[in-house]
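Each chain is listed here by its residues.
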Amino acid sequence: MNNIRKAIVAAFMACAYVATANAQIEGSALNYMLQRPRVAKKWKQKTYFDHLFVDAGLGTNIMGTRHPEFGLTADFNIGDWFTPEHGARININGGKWSTRGLKAKYLDLSLDYLLNITAIAQPGTYYETKRFEVYGIAGFDLATSNHNNVTKYGMGIHIGLRGQYALSDNFYTYLESRYGLMEDQISQQMTWHGYRPFTTLTMGLGYRLPFVRKNYENPERGKHSIWDGIFVGGMVGPATLSNAHKATWGDFLGVRQAASAGKWFGPYHGARFTLSSTTIRPDNQWRTKALSSQFEYLLNLNNLIGGVDPERYVWINALAGFSFNRSSDRIDGIKSSWGFSGGLQGNIRLSRGLAFVIEPRVDSYTKNFMQQDRVFKKWSVMPSLLAGFMYTYHDRYAIERREAGIHGIPKASISIAGGLASTSTKMKQTDYWMPVARISYTKWSAASHGVRFSLDGTMQRRIEDKRYSKAVGAFDWLADLTAMNYGTENTKWLSIRSVIGFAVGADYGDHKSYFSADVHAGAQGRIRLSSTTGLFIEPQMAYELSDRFMHRNWGRVTPRALVGLDYTMNRDKGSSDLKEAPEEKNFITIGGGAGFFSGSFSELHAQHKLTYNVQAGYGHWFNGVHGVHGSVSETFAKRGANGLSYTDHITAVTADYMMNMRNAITGEQSDDRLFQITGMLGAQLSVNSCDMHKTKVVPGVHAAIQAGFRLSRHFEIYAEPAAVVHAKSIDQVKDQEPANGELKFSIGTKLHF
């Protein structure tokens with residue numbers, strides 16, 4: 001009762017004091033009696049992951065209270081401080097628990113809350129790191145243990161305390177103790193209450209990101225196009241199955257190819273989509289082929305740790321993702337599987353956008369991926385080491401170029417190339433390699449985009465032991481990935497271009513003709529030899545749409561590679577006046593020479609192999625580049641059959657489009673130049689007459705180049721190689737071929753007036 005009275009008296013006294021105080025000062029006395037709330041600490045600037053830290057340590061552990069035994073432990077931590085006082089981390093802890101003589105291997109994954117006690121004690125709004133700091137720790141555990149091939153799982157909780165000493169601005173050492181409770185499954189020794197206390201003590205080293213890092217100011221994001229940060233690449237390398245027995249790793253060695261496209265959404269994060277194929281052929285087993293489609297997340301570790309530096313020459317990306325796969329062998333057919341992937345990607349910058357990449361990675365697949373692995377576990381684990389090239393488009397450089405008024409001048413280029421092609425199923429058999437030749441004209445409508453028209457020929461291609469030839473016209477869209485940054489006037493030694501297009505034409509073999517078409521895509525690497533000339537290599541992959549492949553799909557995929565030279569007409573279109581025709585805009589030609597006719601080339605008599613021709617023509621120039629030409633020609637082809645000898649007279653009327661190629665390339669009138677070069681392309685109507693067969697009238701196509709030497713203003717001599725393709729009915733003796741043709745070489749005179 002006395003205590004109650006004392007409390008009541010104290011309450012009245014307090015109220016009286018408050019009333020008196022209120023009468024003496026402004027405001028409530030509680031403002032002066034109660035402590036103001038503490039101001040939470042904050043960073044001067046904070047973005048995601050810019051206070052990241054990573055550390056690892058070794059130590060000892062004890063589980064239980066009776067008969068404690070020491071065990072070994074190791075841990076790895078990665079975390080971030082959201083504010084100077086509050087943070088979180090992921091902890092991976094592994095080792096051995098020793099409980100009453102039972103030693104169980106364990107692995108523990110925990111999520112921890114971190115409290116910086118030193119920051120709480122420091123006054124002020126902004127926190128500056130101290131040489132020595134103390135952290136409080138609290139979290140929960142998910143763990144697994146194994147003893148005598150018995151695996152068990154359990155959970156736990158813990159609290160802890162860490163003392164951390166900074167060795168430098170970025171490196172530190174620490175001593176950390178943790179105390180907690182863990183379910184009995186982890187010790188694999190049961191108790192009546194189902195849990196055991198544990199203690200760990202670890203010591204280690206760590207690295208934390210600098211609070212003030214090197215950051216480049218990027219142009220405003222609103223200025224960037226959707227193409228900014230888009231990248232494409234290709235890689236190839238070895239792969240194997242690691243969960244096979246070590247003695248058979250060499251047997252399960254295979255090859256993996258990958259093509260990828262993706263986008264960087266900022267200096268740290270990106271995503272990519274990859275198509276990859278893997279071929280593994282174990283000894284004495286059927287070959288497994290797999291096609292994978294993968295989606296992966298990319299993290300630029302160098303930008304994350306060291307700050308954003310777009311001029312960095314070497315950097316590392318981390319990657320992780322999932323995949324859907326289709327694999328097949330000759331026994332089980334086609335099966336589907338899912339997979340997960342992870343790895344690192346090392347990048348070495350070769351130019352502003354091009355990088356050489358090395359990618360060690362590990363892919364895990366469900367059991368249907370590798371169908372020969374019936375003795376394996378549920379998963380097929382496949383490490384691989386890939387190497388290749390990656391091109392990334394940086395729109396901020398293009399912005400700088402556009403603001404400086406550097407757009408590039410529209411240009412045109414011509415090229416010749418040759419190489420080899422095959423089918424994807426016959427690449428290892430050299431008998432199936434096919435020579436390819438191509439002549440192209442490319443019109444660059446902008447500094448980085450152009451359209452290409454090509455005439456492609458494939459000779460002596462072998463399908464099912466039958467040879468055939470193919471001729472197509474190809475239409476391609478080219479993107480010069482390097483010129484997107486530098487323009488067509490760039491002086492870089494290497495340019496990378498992408499190619500996508502289609503082709504339409506015909507092929508012939510086994511005495512049959514087929515309509516032939518394909519769709520194709522590829523890349524072109526061009527080495528700059530001079531301001532106008534380049535050497536290039538162009539790998540392509542085509543999918544054939546020809547009726548020759550009806551009722552089957554194998555053999556339709558046709559890889560090919562070409563090497564060639566190109567010449568850029570490096571001039572300003574408006575720098576010369578080519579709209580006016582030359583003063584002598586008309587001319588007449590008279591010439592003759594020798595050649596070959598496909599109908600008579602197989603003749604046994606040597607004198608029958610050569611043909612002889614004469615021709616006369618008239619030409620007119622509309623301007624300094626374009627004109628028309630008409631001519632009449634006669635070809636004499638000696639023939640022989642059944643002891644008889646006769647001559648085919650092929651009379652042709654030709655109408656050609658004509659181009660002054662020297663003017664087109666140089667952009668200047670060349671009337672006063674000694675050397676002239678003129679190209680012709682057009683249609684021809686031919687009449688083959690002879691006493692031994694009926695007269696044949698057939699259409700054809702004519703192409704020629706006149707290389708002339710001007711002796712005076714009005715008189716010129718020239719040499720003219722020409723080719724003519726006739727419809728096959730022009731030759732009555734040998735009409736099983738799809739067409740007949742002529743190759744001619746003539747020498748003549750040209751009179752200008």
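Residues numbered from 1 in each chain as written. Predicted model: local features only at pLDDT ≥ 70, side-chain atom pairs only at ≥ 80, totals over all residues. Heavy atoms only, no water.

### Let's talk about the overall build of the protein
Move 1: Along the backbone of the protein there are nine helices and 32 strands.
Move 2: The long-range share in the protein, meaning contacts at least 24 apart out of those at least 6 apart in sequence, stands at 61%. (Helix = DSSP H or I, 4+ residues; strand = E, 2+ residues; numbered from the N terminus. Contact = heavy atoms within 4.5 Å.)

### Description of the pairing of strand S4 (residues 102-116)
Remark: a regular strand shows side chains that alternate across the two faces of the sheet.
Move 1: The pairing of strand S3 (residues 86-99) with S4 spans 14 bridges and is classified as antiparallel. When the bridges of S4 are listed, Gly 87 appears paired with Leu 114.
Move 2: Here S3 hands over to S4 after two residues, with Arg 100 in that stretch at a positive phi of 55°.
Move 3: Where S4 and strand S5 (residues 132-147) come together, 12 bridges link them in antiparallel fashion. Paired with Leu 109 across the bridge in S5 is Leu 142. (Pairing = 2+ DSSP bridges.)

### Here we look at the side chain of Asp 363
Move 1: Looking at the secondary structure, you find Asp 363 in strand S15 (residues 354-366).
Move 2: A polar side-chain atom of Asp 363 sits 2.9 Å from a polar atom in the side chain of Gln 294.
Move 3: Engagement of the side chain of Asp 363 in a polar contact is seen with the side chain of Arg 361, the distance being 2.9 Å.
Move 4: Those residues within four positions of Asp 363 in sequence are excluded, and the remaining contacts are Arg 256, Gln 294, Phe 340, Ser 341, Ser 380, Val 381, Met 382 and Ser 384. (Polar contact = N/O pair within 3.5 Å; in protein donor to acceptor, adjacent residues only side chain to side chain.)

### Notes on the pattern of salt bridges
Move 1: A full pass over the atoms with the stated rule returns 24 salt bridges.
Move 2: Between Asp 112 and Arg 178 there is a salt bridge, with its nearest N and O atoms 4.0 Å apart. On the criterion of sequence distance, the pair formed by Asp 112 in strand S4 and Arg 178 in strand S7 (residues 171-183) is long-range, its members being 66 residues apart.
Move 3: What makes Asp 112 buried here is its relative accessible area of 2%.
Move 4: Beyond isolated ion pairs, a larger network of salt bridges with shared partners links Asp 55, Arg 89, Asp 112, Arg 162, Glu 176 and Arg 178. (Salt bridge = Lys/Arg side-chain N within 4 Å of Asp/Glu carboxyl O. Buried < 20%, exposed > 50% of the residue type's maximum accessible area, 1.4 Å probe, protein only.)

### Things to note about the sheet that holds strand S6 (residues 150-166)
Move 1: With respect to topology, eight strands assemble into a closed barrel ordered S1-S2-S3-S4-S5-S6-S7-S8, the strand pairing being antiparallel. Taken over all neighbouring pairs, the strand axes of this sheet differ in orientation by 25° on average, direction set aside. (Axes fitted to C-alpha atoms, helices over the stretch in contact; angles between N-to-C directions.)

### Some details on the packing of aromatic side chains
Move 1: Applying the stated criterion to the full structure yields 11 aromatic pairs.
Move 2: Counting every residue linked through ring pairs, the aromatic cluster contains Phe 53, Trp 81 and Tyr 135.
Move 3: The positively charged end of Lys 750 is found above the aromatic ring belonging to Phe 587, 4.7 Å away from the centroid. (Phe/Tyr/Trp six-rings, centres within 6.5 Å; stacked < 30°, edge-to-face > 60°. Lys NZ or Arg CZ within 6 Å of the ring centre and 35° of its normal.)

### Considerations on unusual backbone geometry
Move 1: You will see that Asn 148, though not glycine, has its phi angle at about 55°, which is positive.
Move 2: In this structure Asn 148 comes out as exposed when scored by relative accessible area, which is 63%.
Move 3: In this structure, Asn 149 takes a positive phi of about 65° despite not being glycine.
Move 4: Of note, Asn 149 is situated in the loop between S5 and S6.

### A word on the environment of Ser 327
Move 1: With respect to the element layout, Ser 327 can be found in strand S13 (residues 314-329).
Move 2: The class of Ser 327 is buried, set by a relative accessible area of 0%.
Move 3: Residues Ser 327 and Lys 289, spaced 38 residues apart in sequence, show a C-alpha to C-alpha distance of 5.5 Å.

### Quick word on the side chain of Asp 476
Move 1: Tracing the sequence through the fold places Asp 476 in strand S20 (residues 466-480).
Move 2: There is a polar contact of 2.5 Å between the side chain of Asp 476 and the side chain of His 520.
Move 3: Residues within four places of Asp 476 in sequence aside, it is in contact with Gly 450, Val 451, Arg 452, Ser 454, Val 499, Ile 500, Gly 501, Phe 502 and His 520.

### Describing the pairing of strand S1 (residues 52-63)
Move 1: Here 11 bridges tie S1 to strand S2 (residues 70-81), and the two strands are oriented antiparallel to one another. Considered in S2, the bridge of Val 54 is made with Ile 78.

### What to know about the environment of Trp 264
Move 1: Note that Trp 264 resides in strand S10 (residues 254-264).
Move 2: As for Trp 264 and Leu 299, which are separated by 35 residues in sequence, their C-alpha atoms are 9.3 Å apart.
Move 3: In this structure, Trp 264 is in contact with Asp 228, Gly 229, Phe 231, His 269, Gly 270, Leu 298, Leu 299, Asn 300, Asn 317 and Thr 392, ignoring residues within four places of it in sequence.

### What about the confidence of the model for the protein?
Move 1: Across the protein, the average pLDDT comes to 79, with 77% of residues at or above 70.
Move 2: Residue range residues 1-5 is modelled with pLDDT below 50. Its contacts to residues more than four positions away, or to other chains, number zero contacts.
Move 3: Across residues 11-27, confidence stays below pLDDT 50; counting only partners more than four residues off in sequence or on other chains, it has four contacts. (pLDDT = per-residue confidence, 0-100.)

### Section: the environment of Ala 739
Move 1: With respect to the helices and strands, Ala 739 occurs in strand S32 (residues 739-752).
Move 2: Expressed as a C-alpha distance, the spacing of Ala 739 and Ser 598, which sit 141 residues apart in the sequence, is 9.0 Å.

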